[in-house]
Amino acid sequence: MMLPTHALAGAALAVPLAALAPEAAPLVLAAGLLGGVLPDMDLYVGHRRTLHFPVYYSTAAVVAVPAALVVGTTASVALAALLIGAAAHCVADVFGGGLELRPWEATADRAVYDHFNGRWIAPRRWIRYDGAPEDLLLSTTLAAGLWGVAGGELRIVVAGALAIAAAYTVVRRVLPSVVEVIVPALPTPVVTSLPARYRTSLRADAAADSETGRATRDGR
Ligand SMILES: [Zn+2]
């Protein structure tokens, strides 16, 4: 699922918790949204592994929610919202696409890494890929639900997230082709700073090209 969907889901899941600290409801919703975004901060370093902890975030959330009910401080409620958002993100990634450059081709067998069991979980593809029409539908549904409970500032964030989701959905299928045209022209330091899926794809293409060239030279 795309990042706006994760962000909106984190905020939506924080709505019931916000009732525990009504005076700090915007902060709690923001914590949920932040939790929904947080795991994808590993986009450039071991994506879906470095900051994705489907078991550990979930376990922490199971502890943090009752603790917030008992303690009831703004900090405890915000922490619970953050952990629920992060846990939901990592579990939701299992039901999206894989890590390949074109996830709609459904060739990858890695969705998210399970540190507890030391293995990659395979993608279920209920939402076929990030930026799929059904992903945008989910974003829109979450945004519509949040719109009714959000205050002015959060409404701006919700509208912004939905706008990004819509734009990303429009360009998603052409993005890999654009990247493949642009990336070879970029300086090496820039290329090495790109997410692994782009670099891996280009290396694979280069290997295929050199193999084709060898076969041509060898008369194969
Ligand atoms: Zn993720």
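Residues numbered from 1 in each chain as written. Predicted model: local features only at pLDDT ≥ 70, side-chain atom pairs only at ≥ 80, totals over all residues. Heavy atoms only, no water.

**Student:** Residues and numbers for unusual backbone geometry, please.
**Tutor:** Unlike most non-glycine residues, Arg-48 shows phi in positive territory, near 65 degrees. For Arg-48, the location among the structural elements is in the loop between helix H2 (25-37) and helix H3 (54-71). The class for Arg-48 is buried, based on a relative accessible area of 4%. Non-glycine residue Arg-125 carries a positive phi angle of around 60 degrees. Relative to the helices and strands, Arg-125 resides in the loop between strand S2 (119-121) and helix H5 (133-149). (Helix = DSSP H or I, 4+ residues; strand = E, 2+ residues; numbered from the N terminus. Buried < 20%, exposed > 50% of the residue type's maximum accessible area, 1.4 Å probe, protein only.)

**Student:** I'd like a rundown of the confidence of the model for the chain, residues and numbers included.
**Tutor:** In the predicted model, the chain carries a mean pLDDT of 89, and the fraction of residues at 70 or more is 90%. Here helix H9 (residues 196-217) stands out as the least confident element of the chain, with mean pLDDT 52; helix H4 (residues 74-94) is the most confident, with 98. (pLDDT = per-residue confidence, 0-100.)

**Student:** Lay out the domain arrangement of the chain in plain terms, naming residues and giving numbers.
**Tutor:** The domain boundaries assigned to the chain delineate domain 1 (3-173) and domain 2 (184-217). Counting residues at the interface gives nine residues for domain 1 and six residues for domain 2. When domain 1 packs against domain 2, the two sides together hide about 580 Å² of surface, and 53% of this comes from carbon and sulfur. Of all residues in domain 1, Leu-43, Tyr-44 and Leu-101 give up the largest surface area on contact with domain 2, accounting jointly for 68% of the area buried on that side. At the junction of domain 1 with domain 2, the criterion picks out zero salt bridges. Residue classes in the side of domain 1 that touches domain 2 are distributed as four nonpolar, one polar and four charged. (Domains from an automatic or database assignment. Contact = heavy atoms within 4.5 Å. Buried area = accessible area lost by both parts, 1.4 Å probe. Salt bridge = Lys/Arg side-chain N within 4 Å of Asp/Glu carboxyl O. Nonpolar A, V, L, I, M, F, W, Y, C, P; charged D, E, K, R; others polar.)

**Student:** Before we move on, can you summarise the environment of Ala-67 with the specific residues and values?
**Tutor:** Topologically, Ala-67 is positioned in helix H3. A C-alpha to C-alpha distance of 10.0 Å links Ala-67 and Leu-79, two positions 12 residues apart in sequence.

**Student:** For the environment of Arg-199, give the residues involved together with the corresponding values.
**Tutor:** If you trace the backbone, Arg-199 turns up in helix H9. A relative accessible area of 22% places Arg-199 in the partly exposed class. In this structure the C-alpha to C-alpha distance between Arg-199 and Leu-154, which are 45 residues apart in sequence, comes to 36 Å. Once you skip the residues sitting within four places of it in the chain, Arg-199 turns out to touch Val-191, Thr-192 and Leu-194.

**Student:** Could you give me a rundown of the coordination of the zinc ion, with the residues and numbers involved?
**Tutor:** The coordination sphere of the zinc ion, as far as protein atoms go, consists of Asp-40 (OD), His-52 (NE2), His-89 (NE2) and Asp-93 (OD), spread over 2.1 to 2.3 Å. Classification of the site at the zinc ion rests on its four donor atoms, whose angles at the metal span 88 to 170 degrees, yielding the label irregular. All donors of the zinc ion come from a single chain, and their spacing in sequence reads D-x11-H-x36-H-x3-D. Linking Asp-40 in the loop between H2 and H3 with His-52 in the loop between H2 and H3, this pair joins segments that are 12 residues apart in sequence. (Donors = N, O, S within 2.8 Å, 3.2 Å for Na, K, Ca; no water. Tetrahedral: all angles 85-135°; square planar, octahedral: opposite > 155°, others 65-115°.)

**Student:** I'd like a rundown of the side chain of His-52, residues and numbers included.
**Tutor:** Residue classification places His-52 among the buried residues on the basis of a relative accessible area of 0%. Engagement of the side chain of His-52 in a polar contact is seen with the side chain of Asp-40, the distance being 3.2 Å. Side-chain polar atoms of His-52 contact the side chain of Asp-93, separated by 3.0 Å. In contact with His-52, other than residues within four places in its own chain, are Pro-39, Asp-40, Asp-42, His-47, Tyr-57, His-89, Cys-90, Asp-93, Val-112, Tyr-113 and His-115. (Polar contact = N/O pair within 3.5 Å; in protein donor to acceptor, adjacent residues only side chain to side chain.)

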